[in-house]
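# Structure at a glance
Each chain, letter by letter, is given below.
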Number of protein chains: 2
Amino acid sequence: MQEFIQLTEYMADEAGTIIRHYFRQSFEIDTKEDETPVTAADRAVEKRLREIIEMHRPQDGILGEEFGPKESQNGFTWVIDPIDGTKSFMIGRPTFGTLIALAENGAPVLGTIDQPISQERWIGAKGEPTLFNGKTVKTRSCTSLKDAIVGSTSPSQMPETWPKMYDQFKSVIWGGDCYSYGLIANGWLDCVIESGLATYDYMALPPIIEGAGGLICDWDGNPLTMASEGQILALGDASLKEQALTFLAA
Amino acid sequence: MQEFIQLTEYMADEAGTIIRHYFRQSFEIDTKEDETPVTAADRAVEKRLREIIEMHRPQDGILGEEFGPKESQNGFTWVIDPIDGTKSFMIGRPTFGTLIALAENGAPVLGTIDQPISQERWIGAKGEPTLFNGKTVKTRSCTSLKDAIVGSTSPSQMPETWPKMYDQFKSVIWGGDCYSYGLIANGWLDCVIESGLATYDYMALPPIIEGAGGLICDWDGNPLTMASEGQILALGDASLKEQALTFLAA
């Protein structure tokens, strides 16, 4: 696992160098069919990370946002989102991040969230404590939804019942991208509820949340795998699971 | 005006020192009647800024978020929001800011947005170019809503027609607090639409937006004053005004 962690750190360093070069600069903007802005930075980062994986781990599979998938020959697959939070990147707001995950037979075993502007990095590895810039972090206790602050990136990706979040939770905050999951690991935020996430948007998150003492699952309460549908519930305090799932099922 | 700008810079420096001390630390949380979290940092900053104003400008009025208003004896009033974006501050996300404005007979003549963690500061003064960390900045051109990225802090403060923003604008991004207005000044964001803002939430913004070439008004198209109702339209390109007001009136 230490070899995988070192490789991930190197990949995140390389991604950060590229992203800082493009951040807040004028450049050509492309758009995909779903109108998500895709930047030159996005592609340059994924290209570089794929090069590194090909060089060091040629038999591993690769699933990225920008280029086609590469089949795994050994059960290991790297899952990459070069810039999670493209809108934030586009407007110059440093709440986006590079997500790098390693899956073993479809289950996440290693994940990093890297914010290259504020230079903040979370790393989680199965069975090990989550590190934030090299220091162990822990989620905080919160035993009632009424005491919980919940984050979500956008109401447009939520069911129409989302206004009820304001009744159930202490407070709701919008627009965090992957950064919000890091804030849970550090014990500053209690919950994130999101839907519509792609595999590369969530695969880095379980090792980070779980290694800090939290819980992450889909809206049916199942662990996240490469086959999950992208409805995410992340909690700093696992004891909130049943309350949160009951709310989501209503 | 230079004397006022220097005093504002000193106030923002002092606020930043206090805020960095409290950011991401455990501390007692109070709540006001409207459930906005108010922190020890909020009060400590406003207390310090009031001390500075009392010492240097004893005849000026003061309107703050945390303590009662002080009447102006000379037409000048300082308008202070020690931490705009309290929720962001609470979860450890550095998109909040200290807002310091100076109004002359109710109209804003000087404003600053200071983000003390990323150490980013916007200063606008009537008739002068807006400065971002000491450098002149300009808004960007955008002549159609269909090409515009629009930001807003929360859908809960918007009219129920907010989903139509997704049809009218190129892209919608949530959760920016005062930071989003700075991003307009720098030409990275095209528009912010918000409602429910208090006087201390918006009085610093007009000199910053206008000094960078943009336009800011209420939803009827009127300039912002201390008497405005807190419905804000901010544009990087003033030529979008009529399109945006037509959308807001619908």
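Residues numbered from 1 in each chain as written. Chains lettered and ligands numbered in written order. Predicted model: local features only at pLDDT ≥ 70, side-chain atom pairs only at ≥ 80, totals over all residues. Heavy atoms only, no water.

## A look at the overall build of chain A
Check the secondary structure of chain A and you find eight helices and 14 strands. Over its C-alpha trace chain A gives a radius of gyration of 17 Å, about what one expects of a compact globule, namely 18 Å for 250 residues. If you line up chain A on its principal axes, its C-alpha atoms span 50 × 40 × 30 Å. In chain A, which comprises 250 residues, the proportion classed as buried is 60%. When contacts within chain A are restricted to residue pairs at least 6 apart in sequence, those whose partners lie at least 24 apart make up 57%. Carbon together with sulfur atoms contributes 48% to the accessible area of chain A, which is approximately 10,000 Å² in total. Separation between the mean location of the 20 positive side-chain charges and that of the 36 negative ones in chain A comes to 5 Å. (Helix = DSSP H or I, 4+ residues; strand = E, 2+ residues; numbered from the N terminus. Rg over C-alpha atoms; globule rule 2.2 N^0.38 Å. Buried < 20%, exposed > 50% of the residue type's maximum accessible area, 1.4 Å probe, protein only. Contact = heavy atoms within 4.5 Å. Areas by Shrake-Rupley, 256 points an atom, 1.4 Å probe, with all protein chains shown as cover. Lys, Arg positive; Asp, Glu negative; His and termini not counted. Charge placed at Lys NZ, Arg CZ, Asp CG, Glu CD.)

## Regarding the domain arrangement of chain A
Residues and elements named next belong to chain A. Here the domain parsing of chain A yields domain 1 (2-136) and domain 2 (145-249). Each partner contributes residues to the interface: domain 1 has 36 residues there, and domain 2 has 24 residues. In total, domain 1 and domain 2 occlude about 2,200 Å² of area from one another, counting both sides; carbon and sulfur atoms represent 68% of this. If you sort the residues of domain 1 by the area they bury against domain 2, Pro108, Ile113 and Trp122 come out on top, with a joint share of 25%. (Domains from an automatic or database assignment. Buried area = accessible area lost by both parts, 1.4 Å probe.)

## Details of the side chain of Arg93 of chain A
Relative to the helices and strands, Arg93 of chain A resides in the loop between α3 (86-90) and β5 (97-104). The buried charged residue Arg93 of chain A lacks any salt bridge partner; its closest oppositely charged side chain belongs to Asp177 of chain A, at an N-O distance of 4.9 Å. One polar contact links the side chain of Arg93 of chain A to the main-chain carbonyl oxygen of Trp174 of chain B, over a distance of 3.0 Å. In this structure the side chain of Arg93 of chain A is engaged in a polar contact, spanning 3.3 Å, whose partner is the backbone oxygen of Gly175 of chain B. Setting aside anything within four residues of it in sequence, one finds Arg93 of chain A in contact with Phe23, Ser88 and Gly175 of chain A together with Thr95, Ile173, Trp174, Gly175, Gly176, Tyr179 and Leu183 of chain B. (Salt bridge = Lys/Arg side-chain N within 4 Å of Asp/Glu carboxyl O. Polar contact = N/O pair within 3.5 Å; in protein donor to acceptor, adjacent residues only side chain to side chain.)

## Overview of helix α2 (residues 40-56) of chain A
Residue and element names in this part refer to chain A. For α2, built from 17 residues, the straight-helix expectation of 24 Å at 1.5 Å per residue is met to within 8% by its first-to-last C-alpha distance of 25 Å. Every buried residue of α2 is listed here: Ala41, Asp42, Val45, Glu46, Leu49, Arg50, Ile52 and Ile53. Take α2 and look down its axis: the buried residues cluster within an arc of 160 degrees, on one side only. (Expected span 1.5 Å × (residues − 1). Arc of directions from axis to C-beta.)

## As for the state of the cysteines
Taken as a whole, this structure holds zero disulfides over all chains when the rule is applied. Cysteine Cys178 of chain A is unpaired, with the sulfur of Cys191 of chain A as its nearest cysteine sulfur at 17 Å. (Disulfide = S-S within 2.5 Å.)

## Focus on the relation of the copies chain B and chain A
Each copy superposes on the other: chain B lies on chain A with an RMSD of 0.0 Å after a rotation of 180 degrees and an axial shift of 0.0 Å. Such a turn and shift between the copies fits a two-fold axis. Considering only C-alpha atoms, the part of chain B nearest the rotation axis is Gly175 of chain B, at 2.3 Å. A share of 100% of interface residues in chain B that are also interface residues in chain A marks the association as one of identical surfaces. (Least-squares fit on C-alpha atoms with pLDDT ≥ 70 in both.)

## Here's the deal with the confidence of the model for chain A
Taken as a whole, chain A shows an average pLDDT of 93; of its residues, 95% reach a score of 70 or greater. Of the two predicted TM-score estimates for the complex, the pTM is 0.94 and the ipTM is 0.92. (pLDDT = per-residue confidence, 0-100.)

## Regarding the sheet that holds strand β6 (residues 107-115) of chain B
Residues and elements named next belong to chain B. The strand order across the open sheet formed by seven strands is β3-β4-β5-β6-β7-β8-β9, and the pairing between neighbours is mixed. In this open sheet, the two strands that pair with only one neighbour each are β3 (61-64) and β9 (135-136). As paired elements, strand β8 (residues 131-132) and β9 share two bridges and run antiparallel to each other. Counted as the bridge partner of Leu131 is Thr136 from β9. Sheet strands in contact with helix α1 (residues 2-22) are β4 (76-84), β5 (97-104), β6 and β7 (120-125), and its direction is about 25 degrees off that of β4. Docked against the sheet, helix α2 (residues 40-56) engages β3, β4 and β5, running at close to 160 degrees with respect to β4. (Pairing = 2+ DSSP bridges. Axes fitted to C-alpha atoms, helices over the stretch in contact; angles between N-to-C directions.)

## Re the sheet that holds strand β9 (residues 135-136) of chain A
Residues and elements named next belong to chain A. Ordered in space as β3-β4-β5-β6-β7-β8-β9, the seven strands form an open sheet in which the pairing is mixed. The open sheet has two free edges, formed respectively by β3 (61-64) and β9, since each of these has just one partner strand. Judged from the four bridges that link them, β3 and strand β4 (residues 76-84) form a sheet pairing that is parallel. Bridge assignment links Leu63 to a residue of β4, and that residue is Val79. On the sheet, α2 packs against β3, β4 and β5 and is oriented at approximately 160 degrees with respect to β4.

## Remarks on the pairing of strand β10 (residues 149-152) of chain B
Along a regular strand, successive side chains alternate from one face of the sheet to the other. Residue and element names in this part refer to chain B. Here β10 shows no split at all, with Ile149 and Gly151 on one side and Val150 and Ser152 on the other all buried. Relative to strand β11 (residues 171-174), β10 is paired through four bridges, and the arrangement is parallel. Within β11, the position partnered with Ile149 by the bridge is Ser171. Taken together, the two bridges between β10 and strand β12 (residues 191-194) define a ladder with parallel strand orientation. Looking at β12, one finds that Val150 is bridged to Cys191.

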